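Okay, here's what each chain looks like letter by letter:
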Amino acid sequence: MDPNTSTRTWQGFREFLPVGLVIFSYAVVFGILAVNSGLGILETCTMSLTVFAGASQFIALPMIQSGASIWALTAMALVVNMRHLLYGLNIGQKYSKSRPAWLLGLSFGIVDETYAFNTLGPGRNLDSLSYFMGTALCAYVTWNTGTFAGAVLGKWTEALRIEGLDFAMLAVFLSMIGSSVRTRRDWVVLALSAVFALGIYHLAGGYWHLFAAGLAVPLAAARFNGNRTNAS
Amino acid sequence: MIAFAGMTLVTYLTRSLFTVFISGVRIVPFWSRTLEFVPLAVLTALVAPFLLVPDAPYVTILNPYPIAGIVTLLLAHRSRNLLVSAVTGTALFLVLIRIFPT
């Protein structure tokens, strides 16, 4: 741990806030949809507090509505969230100096947004665990306050549409991707991943393209070239 | 409520398994080089289908999603400012969806 834990945590929280705002908006939509799918406010909030994984929570709603079993929901969450395994490889290496107990706690805060923020975004050069915790805390607080707000709102509105929200989340990821690209080889990796992912997505659907592109392209890049950070 | 227990458990397992496991493993340079490319590759793969296979009912392939998406990417590359590129990109998207035929 670095000496000024709380300063670093607060720094991470603060710097993540723009992303947190988008997460909040998404959570409001989730809350509204959840109560409209028949969940209570308490159930909706419990789900966000415990599962804390956007995509699988959204997909769970129609499943719950149609009476899916706990096994079906569990299997779905496993498939949808399998991509975290890849994220764990980077996060574990990045914070390998930290104690396993801390890493167990940190793991709960690994979501698409915190992973992107700390590997490609503003947090990429900081290997402070406290900083990561700050970004994760911000994501957790915004996701859960948003869920609560949405659930309450959903009790008396049918469906609220926020225009452009789906693109706003994409824009956040694209910004982190774009700002991390430095070399020509990074562009090649980006282009190959996009093409490869689209091909696999077209053929297989689901989430397989993440593993196909996320493993094959880095392997090829490491095979044919040197270090990413030291390259010119 | 109990139905969420399974989702919570497997989701946490996907997050923690390699995170804790790999932190204690010393990996050879080839694999650490490979891992360095994973964030760029996997996050590009995550967004690509949303941009280029939009389920929005646009008649042309050139629609607001890929156009505003590529502008956002290039803007972020030049400015290296997350807030500027994300806000500008989304604003452009909101303008484009009013122009393009659906």
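It should be noted that the structure appears before, not after, this text.
Keep in mind the model is a prediction, meaning the values are calculated, not measured.

Brief notes about the overall build of chain B
And then number 1: From N to C terminus, chain B includes 4 helices and 0 strands.
And then number 2: Going residue by residue from the N terminus, the α and β elements of chain B occur as α-α-α-α.
And then number 3: Taken over the C-alpha trace, chain B has a radius of gyration of 19 Å; the compact-globule value for 102 residues is 13 Å, which it surpasses by more than 25%.
And then number 4: The C-alpha extent of chain B, read off along each of the three principal axes, is 55 × 45 × 25 Å.
And then number 5: Evaluated residue by residue, chain B yields a buried proportion of 45% over its 102 residues.
And then number 6: Partitioning the intrachain contacts of chain B with sequence separation of at least 6 by distance along the chain shows that 41% fall at a separation of at least 24.

Let's talk about the nonpolar core
And then number 1: Counting residues in each nonpolar core, the largest one holds 94 residues, and the members touching the most others are Phe173, Ile177 and Ala213 of chain A together with Ala41, Val42 and Leu43 of chain B.
And then number 2: Tallying contributions element by element places helix H1 (residues 5-36) of chain A first for this core, with 13 residues.
And then number 3: Residues in contact with Leu43 of chain B, not counting those within four places in the same chain, are Ala116, Leu120, Phe173 and Ile177 of chain A.

Let's talk about the interface of chain A and chain B
And then number 1: With 77 residues of chain A in contact, the opposing surface of chain B contributes 58 residues.
And then number 2: Looking at the side of chain A that touches chain B element by element, the count peaks at 13 residues for helix H9 (residues 165-180) of chain A.
And then number 3: Residue composition of the side of chain A that touches chain B, grouped by class: 47 nonpolar, 25 polar and 5 charged.

About the thresholds
- Residues numbered from 1 in each chain as written.
- Chains lettered and ligands numbered in written order.
- Predicted model: local features only at pLDDT ≥ 70, side-chain atom pairs only at ≥ 80, totals over all residues.
- Helix = DSSP H or I, 4+ residues; strand = E, 2+ residues; numbered from the N terminus.
- Rg over C-alpha atoms; globule rule 2.2 N^0.38 Å.
- Buried ≥ 20, exposed ≤ 12 C-beta atoms within 10 Å, placed from the backbone.
- Contact = placed C-beta atoms within 7 Å.
- Core = buried A, V, L, I, M, F, W, Y, C linked by C-beta atoms within 7 Å.
- Nonpolar A, V, L, I, M, F, W, Y, C, P; charged D, E, K, R; others polar.

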